[in-house]
Amino acid sequence: MFEEVKERLDETNQTVKIANLEGMLDYRLFAGSKNAHWSAKDLAYLKAHNRWALVINKIAPLIRAISGYEKKDRKAITYKPITEKDLPVTEEYSKILATVMGKSGYSTFSDIFSTAIKTGISYAVLYPSYEQDPVDGDIMLERVPFNHIVFDPSIKKKDFSDAEYLIREELFSLDKAKMLFPNKADDIERMANNKPFLNSSEGRLDNKGRVYLVEYWKRVYKPVDFVIDEQTGLLVQWQGTDKLLKEVRKKVKTVKKTVPVMEYSIYCNGTLLYKADNPYGHSEFPYIPFFCYFDPELEDDWKYKIRGVIRDLRDPQRQINKSRSQYLDILATQIHSGIIAENGAVLNPEVLREGGQGKYIKVKPGSKWEQIQDPRANPDFMNLSEIYKNDMQYISNVHEDLMGIPMKGNEPAILHQIRTAQALTALQDIFDNYVLGKKLVGKQFIKLMQKMFSPQKVIRMIGMPPAPGFYDADESRYDVQVAETVITDTQRDLYFKKLMDLRQAGFDIPLQWVLKYMDLPDKEQFIQFVQQEQQAQQQQRQQVQQMTLQGALSQARLNEAKAVKEIAKAKALPMSEVTKRIRLGLAKR
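As the structure is a prediction and not an experimental result, all values here were calculated from the model.

### Points about the overall build of the chain
Turning to step 1, where the next piece is worked out: Within the chain, the regular secondary structure consists of 18 helices and 15 strands.
Turning to step 2, where the next piece is worked out: The buried share among the 589 residues of the chain stands at 38%.
Turning to step 3, where the next piece is worked out: Counting contacts in the chain only where the partners sit at least 6 residues apart, residues at least 24 apart contribute 68% of the total.
Turning to step 4, where the next piece is worked out: Accessible area for the chain stands at about 34,700 Å²; split by element, carbon and sulfur atoms hold 53% of it.

### Side note on helix α1 (residues 2-11)
Turning to step 1, where the next piece is worked out: Regarding α1, the residues found buried are F2, V5, R8 and L9. End-on, the buried residues of α1 take up no more than an arc of 110 degrees, which puts them together on one face. Seen from the buried face of α1, the exposed residues on the opposite side, beyond 90 degrees, are E3, E7 and D10.
Turning to step 2, where the next piece is worked out: In this structure, the buried side of α1 is in contact with α2 (16-31), β4 (149-151), β5 (165-173), β6 (210-228) and β8 (254-268).

### With respect to α2
Turning to step 1, where the next piece is worked out: In this model, α2 (16 residues) spans 23 Å end to end at C-alpha, consistent with the 22 Å of a helix rising 1.5 Å per residue.
Turning to step 2, where the next piece is worked out: Every buried residue of α2 is listed here: V16, K17, A19, N20, E22, G23, D26, L29 and F30.
Turning to step 3, where the next piece is worked out: One or two positions beyond α2, positive phi appears at G32, with a value near 90 degrees.

### A few points about the packing of aromatic side chains
Turning to step 1, where the next piece is worked out: Under the counting rule described, the total for this entry stands at 19 aromatic pairs.
Turning to step 2, where the next piece is worked out: Between Y93 and F470, the aromatic rings sit 5.1 Å apart at their centres with planes inclined by 70 degrees, giving edge-to-face as the arrangement. Note that Y93 is positioned in helix α6 (residues 87-119) and F470 in the loop between α14 (455-462) and β15 (478-483), a separation of 377 residues in sequence.
Turning to step 3, where the next piece is worked out: Residue classification places F470 among the buried positions, given a relative accessible area of 1%.
Turning to step 4, where the next piece is worked out: Feature note: the residues Y69, Y106, F109, F113, F290, F431 and Y434 constitute an aromatic cluster, connected by ring pairs.

### So, the side chain of S283
Turning to step 1, where the next piece is worked out: With respect to the secondary-structure elements, S283 resides in the loop between β9 (271-277) and β10 (287-291).
Turning to step 2, where the next piece is worked out: Setting aside anything within four residues of it in sequence, one finds S283 in contact with R219, P260, V261, M262 and N278.

### Remarks on the pattern of salt bridges
Turning to step 1, where the next piece is worked out: Counted according to the given criterion, the structure contains 23 salt bridges.
Turning to step 2, where the next piece is worked out: Between R51 and D329 there is a salt bridge, with the nearest N and O atoms lying 3.7 Å from each other. Of this pair, R51 sits in the loop between α4 (40-48) and α5 (59-72) while D329 is found in helix α10 (residues 314-333), placing the two residues 278 residues apart along the sequence.
Turning to step 3, where the next piece is worked out: Of the residues examined, D329 reaches a relative accessible area of 14% and is grouped as buried.
Turning to step 4, where the next piece is worked out: Where salt bridges share partners, they join D133, D136, D138, K457 and R460 into one cluster.

### Things to note about the nonpolar core
Turning to step 1, where the next piece is worked out: By size, the foremost hydrophobic cluster in this structure holds 96 residues, and its most contacted members are F109, Y123, F151, F160, L213 and V441.
Turning to step 2, where the next piece is worked out: With residues near it in sequence (within four places) discarded, F160 still touches Y123, F151, I155, L166, R219, F285, Y287, P289 and F291.
Turning to step 3, where the next piece is worked out: V220, F226, V259 and V261 belong to the second largest nonpolar core, which has five residues in total.

### So, the environment of K158
Turning to step 1, where the next piece is worked out: On the secondary structure map, K158 appears in the loop between β4 and β5.
Turning to step 2, where the next piece is worked out: Here K158 falls in the partly exposed class, since its relative accessible area comes to 30%.
Turning to step 3, where the next piece is worked out: Dropping the residues within four chain positions of it, K158 is found in contact with P289, F291, F294, N433 and L436.
Turning to step 4, where the next piece is worked out: Looking at K158, its side chain comes within polar contact range of the side chain of N433, at 2.7 Å.

### A look at the sheet that holds strand β3 (residues 138-144)
Two modes of strand pairing occur in sheets, parallel and antiparallel, and in both the strands are linked by backbone hydrogen bonds.
Turning to step 1, where the next piece is worked out: If you trace the three strands from one edge of the open sheet to the other, you get β3-β2-β10, paired in antiparallel fashion. Taken across any chain shown, the strands that pair with only one partner, and hence form the sheet edges, are β3 and β10. Across this sheet, the average inter-strand angle for adjacent strands is 25 degrees, counted without regard to direction.
Turning to step 2, where the next piece is worked out: Pairing of strand β2 (residues 121-129) with β10, which is carried by five bridges, proceeds in the antiparallel orientation. The residue of β10 that forms the bridge with I121 is F291.

### Some remarks on the pairing of β2
Consecutive residues of a regular strand have side chains that alternate between opposite faces of the sheet.
Turning to step 1, where the next piece is worked out: Among the nine residues of β2, seven are classified as buried, and the element is accordingly described as predominantly covered.
Turning to step 2, where the next piece is worked out: As paired elements, β2 and β3 share seven bridges and run antiparallel to each other. Pairing of L126 across the sheet is with L141, part of β3.

### Brief notes about the environment of F290
Turning to step 1, where the next piece is worked out: Within the secondary structure layout, F290 lies in strand β10.
Turning to step 2, where the next piece is worked out: Judged by its relative accessible area of 1%, F290 falls in the buried class.
Turning to step 3, where the next piece is worked out: Excluding residues that lie within four positions of it along the chain, F290 makes contacts with F109, I112, A116, G120, I121, S122, A124, Y434, G437, K438 and V441.

### Regarding the confidence of the model for the chain
Turning to step 1, where the next piece is worked out: Per-residue confidence for the chain averages 81 on the pLDDT scale, and 76% of its residues sit at or above 70.
Turning to step 2, where the next piece is worked out: Here helix α18 (residues 575-588) is the element of the chain with the lowest mean pLDDT, 55, and β10 is the one with the highest, 97.

### Notes on the pairing of β6
Turning to step 1, where the next piece is worked out: Most of β6 is tucked away, with 14 of its 19 residues classed as buried.
Turning to step 2, where the next piece is worked out: Sheet topology note: the β5/β6 ladder contains nine bridges and is antiparallel. Directly across from E169, in β6, lies its bridge partner V214.
Turning to step 3, where the next piece is worked out: Taken together, the 14 bridges between β6 and β8 define a ladder with antiparallel strand orientation. Bridge pairing in β8 places P223 opposite T258.
Turning to step 4, where the next piece is worked out: Once β6 ends, the chain turns through six residues before running back antiparallel as strand β7 (residues 235-237), passing G233 with a positive phi of about 80 degrees.

### Quick look at unusual backbone geometry
Most peptide bonds are trans, and most residues other than glycine sit at a negative phi.
Turning to step 1, where the next piece is worked out: Although it is not a glycine, N269 sits at a positive phi angle of roughly 55 degrees.
Turning to step 2, where the next piece is worked out: Along the chain, the position of N269 falls in the loop between β8 and β9.
Turning to step 3, where the next piece is worked out: Phi at N278 is positive, roughly 45 degrees, even though this residue is not glycine.
Turning to step 4, where the next piece is worked out: Within the secondary structure, N278 is located in the loop between β9 and β10.

Reading the values: the criteria
Residues numbered from 1 in each chain as written. Predicted model: local features only at pLDDT ≥ 70, side-chain atom pairs only at ≥ 80, totals over all residues. Heavy atoms only, no water. Helix = DSSP H or I, 4+ residues; strand = E, 2+ residues; numbered from the N terminus. Buried < 20%, exposed > 50% of the residue type's maximum accessible area, 1.4 Å probe, protein only. Contact = heavy atoms within 4.5 Å. Areas by Shrake-Rupley, 256 points an atom, 1.4 Å probe, with all protein chains shown as cover. Arc of directions from axis to C-beta. Expected span 1.5 Å × (residues − 1). Phe/Tyr/Trp six-rings, centres within 6.5 Å; stacked < 30°, edge-to-face > 60°. Salt bridge = Lys/Arg side-chain N within 4 Å of Asp/Glu carboxyl O. Core = buried A, V, L, I, M, F, W, Y, C linked by side-chain atoms within 4.5 Å. Polar contact = N/O pair within 3.5 Å; in protein donor to acceptor, adjacent residues only side chain to side chain. Pairing = 2+ DSSP bridges. Axes fitted to C-alpha atoms, helices over the stretch in contact; angles between N-to-C directions. pLDDT = per-residue confidence, 0-100.

Here it is in structure tokens:
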């Protein structure tokens with residue numbers, strides 16, 4: 001069986017491993033490694049002539065600007081139903097996911113994104129951990145180093161749905177390896193200090209007292225038994241034993257269907273340690289790819305087929321290093337640029353190749369020599385560095401506005417906003433691939449959660465039993481979306497934030513209900529104080545209303561008395577005088 005694994009590894013030598021090696025070079029460029037910024041030939045030449053090999057790292061700020069924007073604008077994963085009847089289930093899924101992720105989970109996403117824009121690809125994995133909960137376990141999210149994985153080079157899809165296999169190699173301590181596979185402890189002990197199979201493993205830590213384990217994931221197609229629900233006609237995959245299936249067939253109908261199955265096997269130095277089908281409860285690769293740029297049309301060009309932002313910045317970055325080093329060398333040698341002398345006149349010619357100032361040059365007595373007049377440094381030479389820097393910003397689509405560089409002069413703020421929006425538009429492909437990866441994580445989370453979490457576990461996490469349909473295997477009914485929502489530590493914090501948003505939007509949300517979900521010191525005393533203030537304000541409003549009502553009644557009585565008095569006076573006047581006054585009143589109107 002391991003012969004098949006070695007064949008797959010050989011298949012990736014000139015494909016995926018090339019992409020991994022190029023990605024590692026980009027990573028070292030970001031880190032400022034001199035061996036990455038300069039070729040070995042150039043370094044040897046400059047060292048032999050005592051000249052500078054400067055590293056003016058312009059790549060790192062550009063990458064940090066993109067990564068920093070993602071961190072500032074982090075988005076949480078949430079589930080939204082297609083139909084209203086699925087709302088209770090998707091709300092429970094969202095609550096559990098938010099509890100599992102917390103802030104640390106989304107920090108891991110940021111690390112994955114940062115790696116992808118540097119190297120071209122990064123990986124996330126959801127896996128069960130039983131350290132804290134030995135019964136139901138917990139779901140953990142982890143970033144996997146990009147150079148620890150190779151995959152089927154024939155892929156065309158960014159979600160690996162068309163890949164046939166994936167291989168991961170990892171270094172474990174002997175104790176942990178024997179803990180994971182106690183039945184193979186003796187074999188593992190004998191294979192300690194083994195050599196890695198992946199070229200990408202070269203340069204890792206000393207493996208003394210450790211052992212390399214190789215995971216082999218293979219997508220195959222196998223016939224599987226399904227039970228037919230006679231009422232709905234739905235097919236439910238049979239998960240029990242063959243013996244029990246024979247009894248079930250006497251009562252219900254079953255059918256065999258060919259479905260994709262994920263075969264999993266793990267090896268140590270070619271020895272099989274473990275093998276299983278769909279160990280995570282689904283037929284997808286557990287290692288979820290996050291691409292920066294992926295162009296399957298470049299079938300055989302693996303140097304550019306998978307690439308990050310840095311790949312196109314290599315040449316201008318190296319030119320910046322060279323021009324800055326050359327300029328510094330010119331400045332350092334201006335005081336003494338050299339001499340023209342007869343053959344053998346200078347006792348130690350190596351001195352002439354040294355940089356620095358105030359040289360002491362010994363010559364033979366009576367020999368002829370003259371000093372070379374140093375040329376003035378051309379200011380245009382230094383301008384080349386600025387040109388190369390502008391090239392890097394143009395190529396990477398990371399402009400000064402995105403990097404937070406202050407605006408020039410009295411430039412309107414609206415222009416700054418427009419340029420920032422344009423820069424983000426140019427980077428949209430990167431963020432779209434990032435969103436795709438997060439959606440894949442969200443979908444796998446449902447499958448793993450359904451396999452691992454019992455109803456009792458769900459109650460402990462969200463305080464209520466699972467809604468009908470919670471364990472429905474047809475997860476395709478739900479749409480996983482990356483929503484604009486605040487990332488909080490708990491569902492309680494998120495609920496409080498949503499209540500506040502509703503109040504600000506004008507909805508009449510009772511203040512007591514909002515305070516119920518607010519976390520702050522001396523909360524009970526604060527709520528009592530607020531209630532007392534509300535009661536005092538209510539009493540004051542009632543008093544004002546009562547006084548206003550009393551004033552209105554008093555005014556009404558005065559008006560009534562005045563009217564009575566006027567009527568009495570009118571009755572006492574002669575008729576002609578009354579008519580006259582009425583006409584006068586009408587004329588005034």
